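# Structure assessment
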Amino acid sequence: MALLEVSNLTKIFGGVRAVQNVSFAVEAGIVYSVIGPNGAGKTTLFNLITGIYVPSEGQIRLDGRDIAGVAPHELARFGMARTFQNLQVCMNMTALENVMVGAHLRLDRNLFKGALRFPSIARRDAALREEAAELMRLVGLEAFIDAHADAMPYGALKRLEIARALAAKPRVLFLDEPAAGLNPKETSEVDILVRKVADSGVTVVLVEHDMKMVMNISDQILVLDYGRKLAEGSAAEVRRNPDVIAAYLGTHQ
Amino acid sequence: MPRSRFTGLIVIAVVLAVLPFLLPNNFYLDLAIRMMINACIVLGLNLLIGFAGQISLGHAGFVGIGAYASAVLTTHYSWSPLAAMLAGALGAGVLAALVARPIFKLKGHYLAMATLGLGIIISIIVRNEAALTGGPDGMPVPALALFSFEISGEKQWYWVLSGILLLSLWASLNLINSPFGRALRALHGSEVASQVVGVDVAKYKLAIFVFSAVFASLMGSVTAHYVGFVTPNVADFFHSIELVTMVVIGGMASIYGSVIGAVLLTALPQALTGFEGWETVAFGSILMFCMIFMPKGLVPTLAAKFGRR
Amino acid sequence: MNGEWLPQFLQFLFSGITVGAAYALAALGFTLIYNASNVINFAQGEFIMLGGMLTVFFLQSGMPMPVAVVLAIFIPALVGILIEKLAIEPAKNAEVTTLIIITIGASLVIRGVVQVFLGKGTHSFPAFSGSEPIAIAGATLLPQSLWVLGVAALVVAALGWFFSRTLMGKAILATSYNRLAAQLVGINTSRVLFISYALSGALGAIGGILLTPLTLTSYDVGIMLGLKGFVAAVVGGLGSGLGAVIGGLLVGIIEAMGAGYISSAYKDAIPFGLILVILFFMPRGLFGSKVTDRV
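All of the points below concern the structure found in this document. Treat the numbers as computed from the prediction; the structure is a model and nothing was measured.

Each helix and strand counted, chain A has 10 helices and 10 strands in total. A principal-axis box enclosing the C-alpha atoms of chain A has dimensions of 65 × 40 × 35 Å. Here chain A holds 253 residues, and the buried ones make up 54% of them. Considering only intrachain contacts with a sequence separation of at least 6, the fraction spanning at least 24 residues in chain A is 67%. Positive and negative side-chain charges of chain A, numbering 28 and 29 respectively, have mean locations separated by a distance of 4 Å.

Okay, structure coming up:
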């Protein structure tokens, strides 16, 4: 059974079908990419799967469990984590604290124990601090471990989101355009990072515009166009697909 | 773990310890006590407004519930002060919990409106139920006796409140740096980001709202017993605004800012008594001036200026 | 008993729409400023107070009624402009809470100045066309109520014309939808702010002048009137002009009915109970648009 199964998924916004009748399956342990021209419905698809939007029709199964319409904070319990295309970093906190928030569900969140600083909480927090710093080094942010989030450049914030998502120890990680707005050097760093994450056993689902990166690291690619599934297959298969070529060169219709 | 977080706490403890020996008379001691009471309420409110990012323009309503629970239950029903205080806190907490779900679906100005409405309704009830509350004239409150010990005189109250304030400061500092506190700040920073890492946003907003309401109610009870008298002013809109102003002037999301804001705004009316009729104008001008030139509040502005965050 | 419910009902209705018309004007003031600058102006109620108190003052100093009224509208409009220039513009990018406190500071200053110069007394002036009640189906209506309703209707119609037919009105609407886009097409958004605050001050003052012969005035009437205007604006869904008018009338009528049939002591609590109930079921008021956050 696939880790993630999406069948006949449809989302209608006031008459507009942003995603229509999309089906696909993601096996555990692979890098699965979703590509398509602007407005193809990639981010909407992500928002549907991660619980931000409620689907109009269709099913989403994680480990065989139907998760369509389940709230995002519940999905986190099932091992789902994500980053955002337009940054969602908490600018009122330090970089390290942002990563520590990622570990939310793995901590004792009791208000009173926290206020009275129970030794168990203090110990766990100290360990978490180390863990979070380690994650920041992993994503290449060692220079920002003591920084406040609002003092960090764009490229660093994109990676901070990845570190936060990893702090949740997810089984499946959704990355929404992790390389958007980055320079070529940063992009290749993210490229390596995604591979590293996948190799550690986390399933990665990726939306990305950077074709070189997608073709490089994806085991499987889904192509969307006008909210519909256009093609699915390996990088080589997708690259040869005439429909995909037409959609990207704009010769269809 | 940086110990420096608690430097401020130690400084405040030292100041509190020597202050009574420097103050010339009970007038100043009384002022210090009222500053400490306000500082405690403002701490709780800052957790809600500054850290969780949820405005409340009706918090004096909860202070009023505590104050009147202590006054009414002890006077009319001869409850013990402690039981009355706890009943008030329970009432405030239950009310906060009941309205929290629908209220925190609201954002920005709609949330401001809803909390303002809640506070005003509470203050109107207090004003109208004269048979119980004495109406606009208010009513006396017996002294605070805990078991066989009775707190009386400014000196005793001063030490009791110093203890409460230091404890509240310590607990607040702990809280904001605990998993609960980080989740709270995260939902302020980005609600959706906090959701996807597993923060049940509605639950956290409810929890901190109830917590700050209960705390406000407890401090309302303390105020009532200390002053020995309550009037509906304790619950009214203007008092809510005063509390929010203390939060904002001191600095949103600043623990020590809460103390500074409470100290300054409690002292301000005293400082303005020389203005003969112009107090309101001066008070309003100072509010505007502070907010225009230090929109982030005193403590964060100064901290940024001297290179510390 | 059977034959008596109608006159009583009408009586409550009349007093409800009269005071509701004044709330509607205040709510329009809130809406104008909210649309132009995304600020809830807690000093809105003080414009209402200023309208009444200034008219009283000018009449006492011997001016004829029309002059007094014109001045009592003009000065609050000027005060509105001053608030915008001196307090709102310098704090442009501040948070909602900070802006709320700034406008509350402004309201304290206005209230304080009036208290210093005009005292704490309660005042009134004679109704515009006598106080001989007009009998309608067993209920009575004061001529002043007709003045309130007539002028409010005229003002609403004039505003409707202004926003749909004049360039400046359209510019204000455009700015409220999207400030940046408005600037890009060459709209002078600082003039939009200027006019919105001035209009808002004038609207409040008109309401205050019309109401004073019915409800009296003093330096502190602005707080409650302003808050109820805010309720009315939120009932209608912040930002909607039509919503503000309907919200104002609704709040006025429900308040009068509640005071008449349920409890007059809780008259002031009714609008706030109403707004809580409405917001619980419609988080953006009756006419507010639904927005989805983009992530």
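Now that the structure is up, let's keep going.
It is worth spelling out the packing of aromatic side chains at this point. Considering all chains together, one arrives at 23 aromatic pairs over all chains under this definition. A ring pair is formed by B:Phe27 and B:Tyr28, whose centres lie 5.2 Å apart and whose planes are at 90°; its orientation type is edge-to-face. Note on B:Tyr28: relative accessible area 38%, which makes it partly exposed. Both rings, one in C:Phe42 and one in C:Phe230, keep their centres 5.5 Å apart while their planes meet at 75°; by these two values the pair is edge-to-face. Here C:Phe42, found in the loop between α1 (5-37) and α2 (44-60), pairs with C:Phe230, found in helix α9 (residues 222-235); they are 188 residues apart in sequence, far enough to count as distant. Judged by relative accessible area, C:Phe42 falls into the buried class, the value being 10%. Linked through ring pairs, B:Phe237, C:Phe30, C:Phe42 and C:Phe230 together constitute an aromatic cluster.

Quick look at the sheet that holds strand β4 (residues 57-62) of chain A now. Residues and elements named next belong to chain A. An order of β2-β1-β4-β5 is seen for the four strands of this open sheet, with the pairing classed as antiparallel. Of all strands in the sheet, those bounded by a partner on one side alone are β2 (16-26) and β5 (65-66). Alignment of β4 against β5, held across two bridges, turns out to be antiparallel. Residue pairing for β5: arginine 61 is matched across the bridge by aspartate 66.

Moving on, we come to the side chain of B:Lys205. Residue and element names in this part refer to chain B. Along the chain, lysine 205 turns up in helix α10 (residues 201-227). By relative accessible area, lysine 205 is classed as buried at 3%. If we ignore the near neighbours within four places in the chain, the residues touching lysine 205 are Gln54, Phe104, Lys107, Leu187 and Glu191.

Moving on, we come to the interface of chain B and chain A. Contacts between the two partners involve 29 residues from chain B, matched on the other side by 35 residues from chain A. Between chain B and chain A the total buried area reaches about 2,900 Å² when both faces are included, carbon and sulfur atoms providing 63% of it. Summed over the three residues of chain B that lose the most area to chain A, namely B:Arg182, B:Val196 and B:Val197, the buried surface amounts to 23% of that side. Where chain B packs against chain A, one counts two salt bridges. A salt bridge links B:Arg185 to A:Glu97, with the shortest nitrogen-to-oxygen separation between them at 2.7 Å. Our count for the contact surface shared by chain B and chain A stands at seven residue pairs in polar contact (both at pLDDT 80 or more). Listed by contribution, the elements that provide at least two residues to the side of chain B that touches chain A are α7 (153-176), α8 (179-189), α9 (191-196) and α10 of chain B.

With that settled, the discussion passes to the environment of C:Gly20. Residues and elements named next belong to chain C. By the element assignment, glycine 20 lies in helix α1. The exposure class of glycine 20 is buried, given its relative accessible area of 0%. Between the C-alpha atom of glycine 20 and that of isoleucine 253, which follows or precedes it by 233 residues, the distance is 6.5 Å. In this structure glycine 20 touches Gly248, Leu249 and Gly252, once residues within four positions along its chain are discounted.

What follows deals with the interface of chain C and chain B. Accessible area lost when the parts come together is the quantity often used to give the size of an interface. Across the boundary between the two partners, chain C contributes 49 residues, which contact 42 residues of chain B. For the pairing of chain C and chain B, the buried interface totals around 3,800 Å² over both sides, and the portion due to carbon and sulfur atoms is 82%. Counting across the chain C and chain B interface gives zero salt bridges. Our enumeration of links across chain C and chain B arrives at four residue pairs in polar contact (both at pLDDT 80 or more). At the level of secondary structure, the elements contributing two or more residues to the side of chain C that touches chain B comprise α3 (65-88), α4 (96-118), α9 and α11 (269-281) of chain C. Take the side of chain C that touches chain B: its biggest share by element is 16 residues, from α4(C). A class-by-class count of the residues in the side of chain C that touches chain B yields 36 nonpolar, nine polar and four charged.

Right, let's talk about the side chain of A:Asn98 for a bit. All names here are of chain A. Relative to the assigned elements, asparagine 98 resides in helix α3 (residues 95-102). Overall, asparagine 98 belongs to the buried group, its relative accessible area being 1%. What asparagine 98 contacts, discounting residues up to four positions off in sequence, is Val89, Cys90, Met93, Ala149, Leu160 and Arg164.

Right, let's get into the pairing of β4(A). Residue and element names in this part refer to chain A. Across five bridges, strand β1 (residues 4-13) lies against β4 in antiparallel orientation. Among the inter-strand pairings, leucine 4 is bridged to a residue of β4, identified as leucine 62. Two successive antiparallel strands, β4 and β5, enclose a turn made up of two residues, where aspartate 63 displays a positive phi of approximately 60°.

Our focus in this paragraph is the pattern of salt bridges. Within this structure, the stated rule accounts for 26 salt bridges over all chains. Across the pair B:Arg127 and B:Asp236 runs a salt bridge, and its minimum N-O distance is 3.7 Å. With a gap of 109 residues between them, B:Arg127 in helix α5 (residues 108-128) and B:Asp236 in the loop between β4 (229-230) and α11 (237-250) connect regions that are remote in the sequence. With a closest N to O distance of 3.6 Å, C:Lys85 and C:Glu84 form a salt bridge. Taking relative accessible area as the criterion, C:Lys85 reaches 35% and is therefore assigned partly exposed.

Here is what the cut-offs are and how they apply
- Residues numbered from 1 in each chain as written.
- Chains lettered and ligands numbered in written order.
- Predicted model: local features only at pLDDT ≥ 70, side-chain atom pairs only at ≥ 80, totals over all residues.
- Heavy atoms only, no water.
- Helix = DSSP H or I, 4+ residues; strand = E, 2+ residues; numbered from the N terminus.
- Buried < 20%, exposed > 50% of the residue type's maximum accessible area, 1.4 Å probe, protein only.
- Contact = heavy atoms within 4.5 Å.
- Lys, Arg positive; Asp, Glu negative; His and termini not counted.
- Charge placed at Lys NZ, Arg CZ, Asp CG, Glu CD.
- Phe/Tyr/Trp six-rings, centres within 6.5 Å; stacked < 30°, edge-to-face > 60°.
- Pairing = 2+ DSSP bridges.
- Buried area = accessible area lost by both parts, 1.4 Å probe.
- Salt bridge = Lys/Arg side-chain N within 4 Å of Asp/Glu carboxyl O.
- Polar contact = N/O pair within 3.5 Å; in protein donor to acceptor, adjacent residues only side chain to side chain.
- Nonpolar A, V, L, I, M, F, W, Y, C, P; charged D, E, K, R; others polar.

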